[in-house]
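Residue-level structural notes
Residue-level listing of the chains:
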Amino acid sequence: MKIGVLASGRGSNLQALIKAWQEGRFSAEFVAVGSDHADAMALKRAEDAHIPQRAFPLKDYSSRKEQEQAILEWLQESGVDLLVLAGFMRVLSPHFLKELNCPVLNIHPSLLPSFPGLHAQRQALEYGVKVSGCTVHFVDEGLDSGPIILQEAVPVEPGDTEETLAERILKVEHKLYPEALRLITAGQIKYDKKK
Ligand code: GAR
């Protein structure tokens, strides 16, 4: 499998995936890491791992549509047949998903369908839930929606701030995403209608 990754920022999930791959926990090839931010730490992590990487800053394009088209063409030229979103903070258009025509995965720091969108941990704290967590799912045309692959619960502790909760969830994300990649690259995930 040729894996492409899109990430907007820090890229700690990308790093966890690269580490698992280097340790031989799944067999695949990372062929492209793209970002909508030129200064994304994720690009540096890709470079360090000798994975082709490229930035697509919005200022280089006349519209978001053009920016997305450039990302799409680059992923297609790279031969990507599995796209992994790792902290990519944009919703991909139906056109993009149709044209790319391969499975797209996302990780989100909540137990979806609760708390999609930005600031999932803040949403969880504001709601007052006692348990949150993270979700790996196939991407459809909605916001943080699509068939769920793996989920793990994480407790919300009294006195948690957005930062402490995010950190606790992130540790689990770094375990869950490589496991999802392992299952997918081993052909152990079956996509059946909405599930
Ligand atoms: C992660 O917590 C990820 O789940 C979240 O962004 C963070 C990226 O961190 N993604 C979303 O909220 C997607 N809606 P990272 O750049 O260190 O991997």
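The structure this text deals with has already been given above.
Below is a short write-up of the structure. (Residues numbered from 1 in each chain as written. Predicted model: local features only at pLDDT ≥ 70, side-chain atom pairs only at ≥ 80, totals over all residues. Heavy atoms only, no water.)

Moving on: the site of the ligand. Within the structure, the ligand sits among Arg 10, Gly 11, Ser 12, Asn 13, Gly 87, Met 89, Ile 107, His 108, Pro 109, Asp 144, Leu 170 and Glu 173. At a separation of 2.6 Å, an oxygen atom of the ligand approaches a polar side-chain atom of Arg 10. Separating an oxygen atom of the ligand from a side-chain N or O atom of Glu 173 is a distance of 2.7 Å. In isolation the ligand exposes 450 Å². Once the protein is present, 90% of that is buried. Those elements giving two or more residues to the shell around the ligand turn out to be helix 1 (12-22), strand 5 (104-108) and helix 6 (162-185). Looking at side-chain class alone, the shell around the ligand contains four nonpolar, five polar and three charged residues. (Near = heavy atom within 4 Å. Polar contact = N/O pair within 3.5 Å; in protein donor to acceptor, adjacent residues only side chain to side chain. Areas by Shrake-Rupley, 256 points an atom, 1.4 Å probe, with all protein chains shown as cover. Helix = DSSP H or I, 4+ residues; strand = E, 2+ residues; numbered from the N terminus. Nonpolar A, V, L, I, M, F, W, Y, C, P; charged D, E, K, R; others polar.)

Before going further, it helps to examine the pattern of salt bridges. Summed over the entire model, instances satisfying the criterion amount to eight salt bridges. Linking Arg 182 and Glu 179 is a salt bridge whose minimum nitrogen-to-oxygen distance equals 3.0 Å. Taken as a pair, Arg 182 and Glu 179 lie in helix 6 at a separation of three residues, close to a single helical turn. With relative accessibility at 30%, the residue Glu 179 sits in the partly exposed group. Within this structure, Lys 19, Glu 23 and Arg 25 form a network of salt bridges that share partners. (Salt bridge = Lys/Arg side-chain N within 4 Å of Asp/Glu carboxyl O. Buried < 20%, exposed > 50% of the residue type's maximum accessible area, 1.4 Å probe, protein only.)

This part takes up helix 6. With 24 residues, helix 6 should reach 34 Å at 1.5 Å per residue; the first-to-last C-alpha distance of 33 Å fits that figure. With its phi angle positive at about 70°, Gly 187 sits one or two positions after the end of helix 6. (Expected span 1.5 Å × (residues − 1).)

Take the nonpolar core next. Among the nonpolar cores identified, the biggest contains 41 residues, and Ile 3, Val 5, Val 84, Leu 105, Ile 149, Tyr 177 and Leu 181 are the most heavily contacted of them. The element contributing the most residues to this core is helix 6, with nine residues. Beyond its immediate stretch of four places on either side in the chain, Tyr 177 contacts Asn 13, Leu 17, Val 84, Leu 85, Ala 86, Leu 105, Asn 106, Ile 107 and Val 136. Formed by 21 residues, the second largest nonpolar core is a distinct cluster that contains Val 31, Leu 92, Phe 96 and Leu 97. (Core = buried A, V, L, I, M, F, W, Y, C linked by side-chain atoms within 4.5 Å. Contact = heavy atoms within 4.5 Å.)

Along the polypeptide, Asn 106 turns up in strand 5. Polar contacts involving the side chain of Asn 106 include one to the side chain of Asp 144, which spans 3.0 Å. When residues no more than four places from it in sequence are discounted, the contact partners of Asn 106 are Leu 85, Thr 135, Val 136, His 137, Val 139, Asp 144 and Tyr 177.

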